[in-house]
Amino acid sequence: MEQLKNESSRQYEYMEEMKKWVQKKSEELGRKLTCHVTTFGCQMNEKDSEKLLGILETIGYEEVETEEADFLIFNTCTVRENANTKLYGHLGQVKKMKERNPQMMIGLCGCMMQEEHVIEKIRSSYKFVDIIFGTHNIFKLAELLKARVDSKGMIVDIWKDTDQIVEDLPSDRKFSFKCGVNIMYGCNNFCSYCIVPYVRGRERSRKPEDIIKEVKQVVSEGVKEVMLLGQNVNSYGKTLENPVTFANLLRQVNEIEGLKRIRFMTSHPKDLSDELIEAMADGAVRDGMPRAQAYKFAAQAVQGAAKMVLESGLHPGELKDQVTSPGGTTIEAVRVLEERGFRGAVIDAMGACTAKNDCIAAKAASAVATKKEAQAQEPGALSNLFRALKG
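Criteria and cut-off values
- Residues numbered from 1 in each chain as written.
- Predicted model: local features only at pLDDT ≥ 70, side-chain atom pairs only at ≥ 80, totals over all residues.
- Heavy atoms only, no water.
- Helix = DSSP H or I, 4+ residues; strand = E, 2+ residues; numbered from the N terminus.
- Buried < 20%, exposed > 50% of the residue type's maximum accessible area, 1.4 Å probe, protein only.
- Areas by Shrake-Rupley, 256 points an atom, 1.4 Å probe, with all protein chains shown as cover.
- Expected span 1.5 Å × (residues − 1).
- Contact = heavy atoms within 4.5 Å.
- Polar contact = N/O pair within 3.5 Å; in protein donor to acceptor, adjacent residues only side chain to side chain.
- Pairing = 2+ DSSP bridges.
- Axes fitted to C-alpha atoms, helices over the stretch in contact; angles between N-to-C directions.
- Patch = residues over 30% accessible without salt bridge, like charges linked within 9 Å, V, L, I, M, F, W, Y side chains within 5 Å.
- Salt bridge = Lys/Arg side-chain N within 4 Å of Asp/Glu carboxyl O.
- Lys, Arg positive; Asp, Glu negative; His and termini not counted.
- Charge placed at Lys NZ, Arg CZ, Asp CG, Glu CD.
- pLDDT = per-residue confidence, 0-100.
- Phe/Tyr/Trp six-rings, centres within 6.5 Å; stacked < 30°, edge-to-face > 60°.
- Lys NZ or Arg CZ within 6 Å of the ring centre and 35° of its normal.

Right, let's talk about the overall build of the protein chain for a bit. Helix and strand counts for the protein chain come out as 15 helices and 11 strands. Per-residue burial over the protein chain gives 53% buried out of 391 residues. Counting only carbon and sulfur atoms, one obtains 48% of the accessible surface of the protein chain, whose full area is about 18600 Å².

So, in structure tokens, the structure goes:
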């Protein structure tokens, strides 16, 4: 813990050093140095970009809307090949910008930089890039920038993994009324189709007190809605010295005065528990949502999940009547889904619906595509919860 506090202090020392360099350079040019961060990919990347921009503004850069800036960072994604192609296209354009502005510096970071073949390609084909770093060490931006200024050559600093979570670094929020708050990093699932564990590392959770402190701070600054972020928020807390469940964290966040809405992403069906569903239902009703409305949102999720099951061809015969006929009931559809091993799809869709009550079919389809057998739970527990919610 002391080491991480020292790391935070160390980075602020680098920021102070770079602040002097930026000020001197600005005086030479007769204008402020400018910066821009272009972000590809998910909400986690968006949040990382806010931190990068916060560091750059702390050392004296001024953000501009165009990529024709003195320091340009591309925060990359590598989930799809198209994301890689998009970056290379941008780099081709940026090369011309740098020819017009020789003092321009270019930084590359994010998931794509965690792949060795990408680094090799950039080293050989894009030698004008100045700084390359990955997903695990964005807090080092000022230090890496100092290294680049001192060395005049390309700086590459890629970590394969880390257990560090450095707190209390600057951040520039994109919106005044809402923001993302990281609660954990990495993923331990290693799904066959997903690259996330390889580029984001193994799961590591922030301490709940650090999360609560950050949420209280942003709420005091006017934020009304927070998005709790992680690659698999449902498994939050498992790596802590004193484990805390995600449901417990939600209840703590829900106690913060002035916070109007809590969202979260991304969640995995196999780790979504009855405790979490109950925490969401309790919070919705306690905070003024009519019980009938809470039930309506949950019912929409169940119907969406059931329809996706039907369309996938994985359905039990009797489910069709509950979904398609006017006399079908949500509770009965839940019962059938539970009995046939699709409980995970239902609770994932319900979780998505409760967190964000739109795009139900898409969320449910994602849940069914993932389709994990439910954890051993008391039979009928989900059906009983719906009955209680309906009142």
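Having seen it, we continue.
Let us now look at helix α7 (residues 208-220). Over its 13 residues, α7 extends 18 Å from the first C-alpha to the last, a length consistent with the 18 Å expected when each residue adds 1.5 Å. All of the buried residues along α7 are P208, D210, I211, I212, V215, V218 and V219. Looking at the buried side of α7, the elements it contacts are β7 (178-182), β10 (225-229) and α8 (246-254). In the stretch just after α7, G222 is the one whose phi turns positive, near 110 degrees.

This next bit is on the side chain of R204. Relative to the assigned elements, R204 resides in strand β9 (residues 204-205). Within the structure, the side chain of R204 is placed 3.3 Å from the backbone oxygen of R202, a separation counted as a polar contact. Among residues more than four places away in sequence, those in contact with R204 are H136, D161, T162, D163, Q164, I165, M184, Y185, G186 and T239.

A separate point is the sheet that holds β10. One open sheet accounts for three strands, arranged β7-β10-β11; its pairing is parallel. At either margin of the open sheet sits one strand with a lone partner, and together these are β7 and β11 (261-265). The mean angle between the axes of side-by-side strands here comes to 25 degrees, regardless of whether they run parallel or antiparallel. The sheet contact formed by β7 and β10 spans five bridges and is parallel. By the bridge assignment, N182 is partnered in β10 with L229. The sheet contacts of α8 involve β10 and β11, and relative to β11 the element is tilted by about 155 degrees.

Quick look at a negative patch on the surface now. Side chains of E57, E62, E63 and E65 sit close together on the surface and give a patch of like negative charge. For E62, the position within the fold is in strand β2 (residues 62-63).

What follows is about the confidence of the model for the protein chain. The pLDDT averaged across the protein chain works out to 79; a share of 71% of its residues lies at or above 70. Mean pLDDT per element in the protein chain: helix α14 (residues 360-370) is the minimum at 38, and strand β5 (residues 131-133) is the maximum at 97. Every residue in residues 314-328 scores below 50 in pLDDT, and together they form 26 contacts with partners more than four places removed in sequence or on other chains.

It is worth spelling out the pattern of salt bridges at this point. A full pass over the atoms with the stated rule returns 21 salt bridges. In this structure, E17 and K146 form a salt bridge, with 3.6 Å as the shortest nitrogen-oxygen distance. Of the two residues, E17 is situated in helix α1 (residues 2-29) and K146 in helix α5 (residues 141-151); the sequence distance between them amounts to 129 residues. A residue is classified by how much of its surface remains accessible, and E17, at 38% relative accessible area, is partly exposed. The closest approach of N and O atoms between D168 and K213, which form a salt bridge, is 3.6 Å. One end of the pair, D168, is in the loop between β6 (155-157) and β7; the other, K213, is in helix α7, with 45 residues separating them in the sequence. Each member of the pair, D168 as well as K213, carries the same accessibility label: exposed. Through salt bridges that share partners, K47, E50, E167, R206 and E214 make up one connected network.

Time to look at the packing of aromatic side chains. Scanning the model with the defined rule gives eight aromatic pairs in all. When the centroid spacing of 5.8 Å and the interplanar angle of 75 degrees are considered together, the rings of F139 and W159 count as edge-to-face. In this pair, F139 sits in the loop between β5 and α5 while W159 sits in the loop between β6 and β7, placing the two residues 20 residues apart along the sequence. Ring pairs connect the aromatic residues Y88, Y126 and F128, which therefore count as one cluster. Its end group placed over the ring of Y88, K121 keeps NZ or CZ at 3.9 Å from the ring centre. We note K178 situated over the ring of F175; from NZ or CZ to the ring centre the distance is 4.8 Å.

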